[in-house]
Amino acid sequence: MQGVKVNSVSHFEATLDGQDHSIDNLKITAPLFVENVGKIKNLKIGSTCQIVPNSAIFAPVVMNNLNLGELDKVVNNAAVKFESDVHVDGGALLAGLVVYNRGVVQNCENYGEVSYVVNATSDPWGVAGLVSTNGGKVDNCSNKGKIGEKRQFYLKISRFCLDFSELLFSSH
């Protein structure tokens, strides 16, 4: 699927059964779904996908508004990496699958690294393997990908900067 532009579905309220097929070789700069009130199941994002977030609030499957529906057996294998050399106002929320969950995420897995690299001042942030902010149900899911961050804070009061070195750890 190289050279193909795929637009996000702004509001999804049907059933998508990926039948265990994988989305491969796709550059993803926007989430597949902005808001989900339906059911997305048996879908994989392959490790050959290049995920380049267009926003500091990002997840490749369901993003900004939220998941009010259900994700079942959805797997992400691709790295999600947000990078910026300018101040990130309001911070960042990054995840391997969903930013805001108010529905059900079950039997899902993330194997891709989720990382946040900002070489400027930055507000608070949240980086997660599966779901950034949860007010719903997450059941029988696992994260096997690395979660990392690297920020550089410039202190306006002094003439030095503190460089917090990269932190990467695996969460199971």
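Please refer to the structure higher up on the page.
Just so you know, these numbers come straight off a predicted model, no measurement behind them.

What to know about the environment of valine 61
Link 1 in the chain: Along the polypeptide, valine 61 turns up in the loop between β6 (57-58) and β7 (62-67).
Link 2 in the chain: Remark: the alpha-carbon pair of valine 61 and valine 34, spanning 27 residues in sequence, is separated by 8.1 Å.
Link 3 in the chain: Not counting the four nearest positions on each side in its chain, valine 61 is found in contact with Pro31, Leu32, Phe33, Ile45, Leu71, Val74 and Leu97.

Some details on the nonpolar core
Link 1 in the chain: Membership of the largest hydrophobic core comes to 35 residues, with the highest contact counts inside it found for Ile40, Ile45, Val61, Leu71 and Tyr116.
Link 2 in the chain: Elements represented by at least two residues in this core include exactly β4 (39-45), β8 (70-76), β9 (80-84), β10 (92-95) and β14 (114-118).
Link 3 in the chain: When neighbours within four sequence positions are excluded, isoleucine 40 is seen to be in contact with Phe12, Leu16, Phe33, Val62, Glu70, Leu71, Asp72 and Val74.

Topic: the layout of surface pockets
Link 1 in the chain: Its volume calculated, the largest pocket comes out at about 180 Å³.
Link 2 in the chain: Surrounding the largest pocket, twelve residues form its lining, Lys5, Val6, Lys27, Ile28 and Thr29 being those nearest its centre.
Link 3 in the chain: When grouped by side-chain class, the residues that make up the lining of the largest pocket number seven nonpolar, three polar and two charged.

Focus: the packing of aromatic side chains
Link 1 in the chain: Under the counting rule described, the total for this entry stands at two aromatic pairs.
Link 2 in the chain: Ring centres of phenylalanine 12 and phenylalanine 33 lie 4.9 Å apart, and the angle between their planes is 55°; on these two criteria the pair is classed as tilted. Here phenylalanine 33 lies in strand β3 (residues 33-36) and phenylalanine 12 lies in the segment before β1 (15-23), a separation of 21 residues in the sequence. One exposure class covers both phenylalanine 12 and phenylalanine 33, and it is buried.
Link 3 in the chain: Judged by centre distance (6.1 Å) and plane angle (15°), the ring pair of phenylalanine 82 and tyrosine 116 falls under stacked. Highlighted residues: phenylalanine 82 in strand β9 and tyrosine 116 in strand β14, separated in sequence by 34 residues. In this structure, phenylalanine 82 and tyrosine 116 share a single accessibility class: buried.

Structural notes on the pattern of salt bridges
Link 1 in the chain: Scanning the entire structure with this criterion turns up three salt bridges.
Link 2 in the chain: Note that aspartate 17 and lysine 41 form a salt bridge whose closest N and O atoms lie 4.0 Å from each other. Pair noted here: aspartate 17 is in strand β1 and lysine 41 is in strand β4, with a separation of 24 residues, a long-range link.
Link 3 in the chain: Residue classification places aspartate 17 among the partly exposed positions, given a relative accessible area of 33%.

Section: the pairing of β10
Link 1 in the chain: Burial along β10 is two-sided: Ala92 and Leu94 and Leu93 and Ala95, pointing in opposite directions, are all buried.
Link 2 in the chain: Sheet analysis places β6 next to β10, joined by two bridges and oriented parallel. Looking across to β10, one finds that isoleucine 57 is bridged to leucine 93.

Details of unusual backbone geometry
Link 1 in the chain: With phi around 55°, lysine 73 is a residue other than glycine that occupies positive phi space.
Link 2 in the chain: Mapped onto the secondary structure, lysine 73 falls in strand β8.
Link 3 in the chain: The exposure class of lysine 73 is partly exposed, given its relative accessible area of 45%.
Link 4 in the chain: One non-glycine residue, asparagine 140, lies in positive phi territory at about 55°.
Link 5 in the chain: In this structure asparagine 140 comes out as exposed when scored by relative accessible area, which is 57%.

Procedures and definitions
- Residues numbered from 1 in each chain as written.
- Predicted model: local features only at pLDDT ≥ 70, side-chain atom pairs only at ≥ 80, totals over all residues.
- Heavy atoms only, no water.
- Helix = DSSP H or I, 4+ residues; strand = E, 2+ residues; numbered from the N terminus.
- Contact = heavy atoms within 4.5 Å.
- Core = buried A, V, L, I, M, F, W, Y, C linked by side-chain atoms within 4.5 Å.
- Buried < 20%, exposed > 50% of the residue type's maximum accessible area, 1.4 Å probe, protein only.
- 1 Å grid on protein atoms, 1.4 Å probe; cavity = no way out; pocket = protein on both sides within 12 Å on 5 of 7 lines; lining within 4 Å.
- Points joined across faces, edges and corners; volume = space filled by probe spheres on them.
- Nonpolar A, V, L, I, M, F, W, Y, C, P; charged D, E, K, R; others polar.
- Phe/Tyr/Trp six-rings, centres within 6.5 Å; stacked < 30°, edge-to-face > 60°.
- Salt bridge = Lys/Arg side-chain N within 4 Å of Asp/Glu carboxyl O.
- Pairing = 2+ DSSP bridges.

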